[in-house]
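Structural overview for review
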Amino acid sequence: MAHVEIIDDTTLRITLRLEDAITMVKMAQREQAEYAQEIITIYEKMPVFEYTHFCFYAYDSARLFEQMLSIDPKSYLSFSLSAPDSFFYALYGGMAGLYESSLQLVQQTAGTGAGLDVNAHVSI
């Protein structure tokens, strides 16, 4: 489980491990329809950040990340994240495995008029 340390009233220190990435991938798979857009975003944007510098908040893809925490990091002014490279690479690999089926889910939802790509406005 992710370790969250409250430094002061405005700052958190979050420490993640490889196991946390595996948990995130399993959660994404179990609730794929819920997280399909985030799966797509993480898979497409992690390479831009050279994988290990990925920021979940850069593209509104933090809901899955936040499920790992016992606290809402948006309630603080800043937080630091410490995780081994294996966390990021395992997360990316898991998202890669779910990518194609997530694309299909988003396309099906968009076809019914119920879904929107929340990241459509973001370009690199």
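Above this text you will find the structure in question.
The notes below deal with the structure included here. (Residues numbered from 1 in each chain as written. Predicted model: local features only at pLDDT ≥ 70, side-chain atom pairs only at ≥ 80, totals over all residues. Heavy atoms only, no water.)

Topic: the nonpolar core
Worth spelling out the cut-off: Throughout this description, the term nonpolar core refers to a set of buried Ala, Val, Leu, Ile, Met, Phe, Trp, Tyr and Cys residues connected via side-chain atoms within 4.5 Å. Per-residue accessibility, obtained with a 1.4 Å probe over protein chains only, is compared with the maximum for each type, and a residue is labelled buried under 20%, exposed over 50%, and partly exposed between these values. Where helices and strands are cited, they refer to DSSP runs of H or I of at least four residues and of E of at least two residues respectively, numbered from the N terminus. Between two residues, a contact is recorded if the distance between any of their heavy atoms is within 4.5 Å.
Core analysis: the biggest nonpolar cluster contains 29 residues, and Met24, Phe56, Phe87, Leu91 and Met95 have the highest contact counts within it. Listing elements by their share of this core, those giving two or more residues are β2 (11-15), α1 (18-30), α2 (32-45), α3 (63-67) and α4 (85-111). Ranked by residue count, the leading element in this core is α4, at six residues. Setting aside anything within four residues of it in sequence, one finds Leu91 in contact with Ala21, Met24, Val25 and Phe56.

Topic: the packing of α2 against α4
How we decide: Lines are fitted to the C-alpha atoms to define the axes, a helix being fitted only along its stretch in contact, and any angle between axes, read from their N-to-C directions, falls within 0 to 180 degrees. Each angle gets one of four labels, with under 35 degrees taken as roughly parallel, over 145 as roughly antiparallel, 65 to 115 as roughly perpendicular, and the rest as oblique. By definition, any crossing whose near helix is turned counterclockwise from its far helix by less than a right angle is left-handed, and any crossing with a clockwise turn is right-handed. Under the convention adopted here, Pro, Cys and the residues Ala, Val, Leu, Ile, Met, Phe, Trp and Tyr are nonpolar, Asp, Glu, Lys and Arg are charged, and Gly plus all remaining residues are polar.
Where α2 contacts α4, the two axes come as close as 7 Å, and the packing angle between them is 120°. When the axis of α2 is compared with that of α4, the two are oblique. When the axes of α2 and α4 are compared, the crossing they make is left-handed. Contact with α2, carried on its side by Gln32, Ala33, Ala36, Gln37, Ile39, Ile40, Ile42, Tyr43 and Glu44, involves Tyr92, Met95, Ala96, Leu98, Tyr99, Ser101, Ser102, Leu103, Leu105 and Val106 of α4 and no other residues of that element. A breakdown of the residues in the contact of α2 with α4 according to their chemical character gives 14 nonpolar, four polar and one charged.

Things to note about the packing of aromatic side chains
To keep it simple, the criterion reads: The pairing test for Phe, Tyr and Trp rings, Trp by its six-membered ring, is centres within 6.5 Å, and the orientation test on the planes gives stacked under 30 degrees, edge-to-face over 60, and tilted for anything in between. Only Lys NZ and Arg CZ are tested; either one counts as a charge over a ring when it is within 6 Å of the ring centre and within 35 degrees of the ring normal.
Using the criterion set out here, one finds 12 aromatic pairs in the structure. Aromatic pair Phe49 and Tyr59: ring centres 6.0 Å apart, planes at 80°, arrangement edge-to-face. Here Tyr59 lies in the loop between α2 and α3 and Phe49 lies in the loop between α2 and α3, a separation of 10 residues in the sequence. By relative accessible area, which is 21% here, Phe49 ends up partly exposed. An aromatic cluster is present here, built from Phe49, Phe54, Phe56, Tyr57, Tyr59, Phe65 and Phe79 joined pairwise through their rings. Its guanidinium or amino end placed over the ring of Tyr59, Lys45 lies 5.1 Å from that ring's centre, counting from NZ or CZ.

Brief notes about unusual backbone geometry
For Glu50, which is not glycine, the phi dihedral falls at a positive 55°. With a phi angle near 55°, Asp60 is a residue other than glycine that sits in the positive phi range. Relative accessible area serves as the criterion here: at 55%, Asp60 is assigned to the exposed category.

Considering the pairing of strand β1 (residues 3-8)
Note the following rule: Between any two strands, pairing holds if DSSP finds at least two bridges.
Of the pairings in the sheet, the one linking β1 to β2 comprises five bridges and is antiparallel in character. Looking at β2, one finds that Glu5 is bridged to Arg13. Adjacent in sequence and paired antiparallel, β1 and β2 are bridged by two residues.

Here's the deal with the environment of Thr10
Let me state the cut-off plainly: Distance and chemistry together define a polar contact, namely a pair of N or O atoms within 3.5 Å, with one atom able to donate a hydrogen and the other to accept it when in protein, and with adjacent residues in sequence counting only for side-chain atoms on both sides.
Relative to the helices and strands, Thr10 is located in the loop between β1 and β2. Considered as a pair, Thr10 and Ser75 are 65 residues apart in the sequence and their alpha carbons are 8.0 Å apart. Once residues within four sequence positions are removed from consideration, Thr10 is found in contact with Tyr76, Leu77 and Ser78. In this structure the side chain of Thr10 is engaged in a polar contact, spanning 3.3 Å, whose partner is the side chain of Thr11.

Everything listed here is a matter of coordinates, which is why it stays silent on function.
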